[in-house]
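Geometric and topological summary
This is what each chain is made of:
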Amino acid sequence: MEKKLSHSSDLTQLKGVGPKVQERLSKLGLNNIQDILFHLPYRYEDRTRVVPVGVLRHGQSALIEVTVDYTKIAFTRKGKSRRMLLLHVTDGTGSLLLRFFYFNKQQQETLKEGIKLRCFGDVRYGSSSLEIVHPEYFQINENTAPPVDDSLTPVYHTADGVSQILLRRLTGQCLELLNNDSLLPDYLNFPVSGVNENYSLVSALRYVHRPPSGANVNQLFEVSHESQLRLIFEELLAQHLSLKMMREKNRRHSAAHLSSDNHFLYQFLKSLPFDLTMAQQKVNQDILQDLESGVPMMRLVQGDVGSGKTVVAALACLKAIESGSQAAIMAPTEILAEQHYKNFTAWFKPLGIEVAWLSGQIKGKKRDRVLRQISDGGAQVIVGTHALFQSDVKYKNLALAVTDEQHRFGVQQRMALAKKAHNEENSSNNELAHQLIMTATPIPRSLAMTAYADLDYSVIDELPPGRKPITTVVIQQERREEILDRIYKACAEGKQAYWVCTLVEESESLQCQAAQDTAEKLQEVFPDIKVGLIHGRLKSDEKASLMQSFQQGDIKLLVATTVIEVGVDVPNASLMIIENAERLGLSQLHQLRGRVGRGEEASHCVLMFKSPLSEHAKERLAIMRKTNSGFEIARKDLQLRGPGEVLGTRQTGLVQFKIADIVRDEYMLDDVKRVATNLIDSSPESIKPLIDRWVGIAQQYVNVG
Ligand code: ADP
Ligand code: MG
């Protein structure tokens, strides 16, 4: 046949791919030959050698050759007892149990004492010995065992109707096509430190898809083989380029040119009971410069919990208003949005500025009225939740979109708000609102520059003066009495406390129930202390009035679900109790803990846990006890959970890697940036193909359009 294939040839060119299979592959993002070649294995199985049973360890996947000693039918203990087939097997170096929960008559008859099997599976501790549950197996003869595989077996991400076996066949076919030299262009043809320049793209791909039997398995598992490094580098490069390009594209939009004399800013600053920290001033300068530039601002402001991001956002809003435009500020929860609304109203009313409030719970006539204010410009600042970017919300002239606690929003959501600057009456304008994006999930700078390379980046790296560090203790649930004493003492002294109930896996309604039960119990224990209860199921006005009475100090002890996680600011609260702390991620604990330590009093945080604790959980809680620094905590969190979880990219599609890991591979980032700049100068034509290769459709997802 000898058809001339290229990397972009569609998959029906391959054996075994008809229109149906093609469609299923497309759902996995696999549309052409190159996509298959860059669908990389995420782990390997080693069937290249037979492992003696005597050296097997828990957690290992291994190929073994064994003789059946005896077989037995047993019953599962729990509940409805079910039959199991157990095979006691040995190879002379040790013995092992093979366990089958599902088996048929024929298996039962053929798997007999004395036969020899070759098996592959995951070895684990059973009740009395090592065992493999449902191994893959086939019977072999004493003398004619077939040869073992000569390369490691790749394991790919699969999907409905796209099996492991299919993917192995397709990658196999595509690897053969690589013999044709021109199939896959190599864009990285100059030296890069840390990457072996002799390792061509083609040889790297061959190696990772089919590592030879002598391959250094440990290196492969640790993702530190040269072939892997070659690919990681290219992937980081492509991701970085993609974000850079996106940013260029955004910059081609126009944005309101905000030039004014800052009189509102001065007035506002004068009215504040404190001076801005140096860090706040610096970030404010960054923002003002952006706003005056006429190019859409895309600035991420990072600042640890309590560093004073809200004031900085308020200054940006004033700049927009002064210039005759509108500003919107969007927060992920009603409670936080409501708090911003209150703050902004208190701050801006004296300046004669109209602040409006919009949330999903505002309905009917009231909603109509607010929408009208937004569209006729009566509202100058609009504070709210996701409601702010819904399709029926029209702005008169939105110039600034502030997104608070950015990690709770998707990229598209924040872009949807920014696009509200397009004005329907004036459809020729292609304006984008300036974007100010705020986050308290601090990540290392180098990491931010890759994960958020489409954004400019400022840090508030200083807390307001006089803050006392929060002392954190980790206490077993059984010592609840002591904790109750503590709460009582604190409240008796006029301080206030939070009690946070967490039930991470359960439904929201169960969470609310748990909080309610706790609140009732605590109120019984403390008849003379006013206990409040707040959770996601309350109506907005109920939430608002509760927060108000906590703010005013009527409620002394506030029992809450994790709805108070972000943003809530009540400086008089100085004690925080978190139940089931072992179940929460570090960043979430840090956020919760950040609700205290905001006033003059020394604050305390009690992390309650249910024993026994896993090693992992012990390590996490110890970190919380040791440090108050959001940066340090975020770094640890990244190590423990990976960037996808921490940055929330899993939901947002911001950065998804095939082989790179920004934490593990952070050391490459300087080189990546350097090579990216080189490439843009020396071979700009290679940039799009590189991005298509690695980032593909995911990129279009976040484009402004
Ligand atoms: P976050 O960065 O977590 O959003 P906030 O904006 O809620 O922090 O600010 C936390 C608290 O610190 C608020 O009560 C705010 O009024 C106060 N604050 C902000 N800036 C300063 C400052 N420069 N000096 C003193 N207090 C400040
Ligand atoms: Mg905040």
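As recorded by an unreviewed UniProt entry, the chain carries the name ATP-dependent DNA helicase RecG and is attributed to endosymbiont of Galathealinum brachiosum. Word for word, the UniProt comment on the chain under Sequence similarities (unreviewed entry) is "Belongs to the helicase family. RecG subfamily."

As for the overall build of the chain
Counting its regular elements, the chain contains 25 helices and 21 strands. In terms of its C-alpha atoms, the chain occupies a principal-axis envelope of roughly 95 × 70 × 50 Å. The buried share of the chain, taken over its 705 residues, is 55%. Sequence-distant contacts in the chain: of pairs separated by 6 or more residues, those separated by 24 or more amount to 75%.

Notes on the side chain of Thr-153
Mapped onto the fold, Thr-153 is located in strand E8 (residues 153-155). A polar contact is formed between the side chain of Thr-153 and the side chain of Arg-47, at a distance of 3.4 Å. If sequence neighbours within four positions are ignored, Thr-153 has contacts with Arg-43, Tyr-44, Glu-45, Arg-47 and Arg-168.

A closer look at helix H11 (residues 334-348)
Given a rise of 1.5 Å per residue, 15 residues ought to cover 21 Å, and the 20 Å separating the end C-alpha atoms of H11 matches this to within 8%. With 11 of 15 residues buried, H11 is to be regarded as a mostly interior element. Restricting attention to buried positions, one finds in H11 the residues Glu-334, Ile-335, Leu-336, Ala-337, Glu-338, Gln-339, His-340, Phe-344, Thr-345, Trp-347 and Phe-348.

Quick look at the environment of Ser-682
Counting through the fold element by element, Ser-682 comes out in helix H23 (residues 669-682). For Ser-682 and Leu-86, which are 596 residues apart along the polypeptide, the C-alpha to C-alpha distance reads 65 Å.

Examining the packing of aromatic side chains
Inspection of the entire model under this criterion finds nine aromatic pairs. Taking the centre distance of 6.0 Å and the plane angle of 80° together, the rings of Phe-268 and Phe-348 count as edge-to-face. Residue Phe-268 is located in helix H8 (residues 263-271), and its partner Phe-348 is located in helix H11; the two are separated by 80 residues in the primary sequence. For the pair Phe-268 and Phe-348, a shared accessibility class is recorded, and that class is buried. An angle of 25° between the planes, with centres 5.8 Å apart, marks the rings of Tyr-488 and Phe-526 as stacked.

Some points on the side chain of Thr-385
Turning to its location among the elements, Thr-385 is positioned in the loop between strand E12 (381-384) and strand E13 (398-403). A relative accessible area of 8% means that Thr-385 is categorised as buried. Leave out the neighbours within four places in its chain, and Thr-385 touches Met-330, Ala-331, Thr-333, Glu-334, Ala-337, Leu-358, Ser-359 and Gly-360.

Quick look at the environment of Gln-267
One can find Gln-267 in helix H8. Overall, Gln-267 belongs to the partly exposed group, its relative accessible area being 37%. Sequence separation between Gln-267 and Gly-410 is 143 residues; the distance between their C-alpha atoms is 35 Å.

Regarding H23
Taking 1.5 Å of rise per residue, 14 residues should cover 20 Å, and H23 covers 20 Å from first to last C-alpha, within 8% of that figure. Every buried residue belonging to H23 is among Leu-669, Asp-671, Val-672, Lys-673, Val-675, Ala-676 and Leu-679, and all of these are buried.

A closer look at the sheet that holds strand E14 (residues 434-439)
On the basis of which strands lie adjacent, the open sheet formed by seven strands has the order E11-E12-E10-E13-E14-E9-E15 and parallel pairing. Of all the strands in the sheet, the pair left with one neighbour each is strand E11 (355-358) and strand E15 (456-460). For this sheet, the mean angle separating the axes of adjacent strands, direction not counted, is 20°. With four bridges joining them, E13 and E14 adopt parallel strand pairing. Directly across from Leu-400, in E14, lies its bridge partner His-434. The sheet contacts of helix H9 (residues 278-292) involve strand E9 (298-303), E13, E14 and E15, and relative to E15 the element is tilted by about 155°.

Here we look at the sheet that holds strand E21 (residues 604-609)
Spatially, E16-E21-E20-E17-E19-E18 is the arrangement adopted by the six strands of the open sheet, whose pairing is parallel. One side of each edge strand has no neighbouring strand; the edge strands of this open sheet are strand E16 (471-476) and strand E18 (531-534). Along the sheet, successive strands turn relative to each other by an average axial angle of 20°, direction set aside. Across four bridges, the pairing between E18 and strand E19 (residues 557-560) is parallel. Opposite Val-531, over in E19, you have Leu-557 as the bridge partner.

Here's the deal with the site of ligand 1
Contacts to ligand 1 come from 16 residues, most closely from Asp-275, Gly-306, Thr-310, Arg-467 and Asp-569. Here an oxygen atom of ligand 1 and a side-chain polar atom of Thr-310 are 2.6 Å apart. Taking Asp-569, its side chain carries an N or O atom lying 2.6 Å from an oxygen atom of ligand 1. Burial of ligand 1 by the surrounding chains reaches 87%, relative to a free accessible area of 560 Å². Split by residue class, the shell around ligand 1 holds four nonpolar, six polar and six charged.

A few points about the packing of helix H7 (residues 226-252) against helix H24 (residues 687-694)
Geometrically, a packed helix pair is captured by the angle between its two axes and the distance between the axes. Direction vectors running N to C along H7 and H24 enclose 115°, while the axes themselves pass 9 Å from each other. Here H7 lies roughly perpendicular to H24, going by the angle between them. In this structure, the crossing between H7 and H24 has a hand that is left-handed. Counting all contacts with H7, which are made through Leu-231, Glu-234, Glu-235, Leu-237, Ala-238, Leu-241, Ser-242 and Met-245, the residues of H24 involved are Ile-687, Leu-690, Ile-691, Arg-693 and Trp-694. Across the contact of H7 with H24, the residue classes break down as nine nonpolar, one polar and three charged.

Overview of unusual backbone geometry
For the bond from Ser-611 to Pro-612, the omega torsion is 0°, close enough to zero to count as cis. With respect to the helices and strands, the residue Pro-612 is situated in the loop between E21 and helix H19 (615-626). Of note, the phi angle at His-134 is positive, near 45°, even though the residue is not glycine. Positive phi is not limited to glycine here, since Asn-262 has a value of about 65°. Structurally, Asn-262 is set in the loop between H7 and H8.

Some remarks on the packing of H7 against H23
Running from N to C, H7 and H23 cross one another at 60°; their axes reach a closest spacing of 9 Å. Of the possible angle classes, the one that applies to H7 and H23 is oblique. With respect to the hand of their crossing, H7 and H23 are arranged in right-handed fashion. Across from Phe-233, Leu-236, Leu-237, His-240, Leu-241, Lys-244 and Met-245 in H7, the residues of H23 making contact are Leu-669, Asp-671, Val-672, Lys-673, Val-675, Ala-676, Leu-679 and Ile-680. When its residues are assigned to classes, the contact of H7 with H23 shows 11 nonpolar, one polar and three charged.

What to know about the nonpolar core
Judged by nonpolar contacts, the single largest core of 59 residues is most densely connected at Leu-25, Leu-37, Leu-205, Leu-231, Leu-237 and Trp-694. Breaking this core down by element, the ones donating at least two residues are helix H1 (19-27), helix H2 (33-37), helix H4 (164-177), helix H5 (201-209), helix H6 (217-221), H7, H23 and H24. Ranked by residues supplied to this core, first place goes to H7 with eight residues. When neighbours within four sequence positions are excluded, Leu-231 is seen to be in contact with Leu-40, Leu-201, Ala-204, Leu-205, Val-208, Ile-659 and Trp-694. Val-283, Ile-287, Ala-331 and Val-402 belong to the second-largest nonpolar core, a separate cluster that totals 45 residues.

Cut-offs applied
- Residues numbered from 1 in each chain as written.
- Chains lettered and ligands numbered in written order.
- Predicted model: local features only at pLDDT ≥ 70, side-chain atom pairs only at ≥ 80, totals over all residues.
- Heavy atoms only, no water.
- UniProt positions renumbered as here; feature names shortened; annotations may be inferred.
- Helix = DSSP H or I, 4+ residues; strand = E, 2+ residues; numbered from the N terminus.
- Buried < 20%, exposed > 50% of the residue type's maximum accessible area, 1.4 Å probe, protein only.
- Contact = heavy atoms within 4.5 Å.
- Polar contact = N/O pair within 3.5 Å; in protein donor to acceptor, adjacent residues only side chain to side chain.
- Expected span 1.5 Å × (residues − 1).
- Phe/Tyr/Trp six-rings, centres within 6.5 Å; stacked < 30°, edge-to-face > 60°.
- Pairing = 2+ DSSP bridges.
- Axes fitted to C-alpha atoms, helices over the stretch in contact; angles between N-to-C directions.
- Near = heavy atom within 4 Å.
- Areas by Shrake-Rupley, 256 points an atom, 1.4 Å probe, with all protein chains shown as cover.
- Nonpolar A, V, L, I, M, F, W, Y, C, P; charged D, E, K, R; others polar.
- Parallel < 35°, antiparallel > 145°, perpendicular 65-115°, else oblique.
- Left-handed = near helix turned anticlockwise from the far one by under 90°.
- Core = buried A, V, L, I, M, F, W, Y, C linked by side-chain atoms within 4.5 Å.

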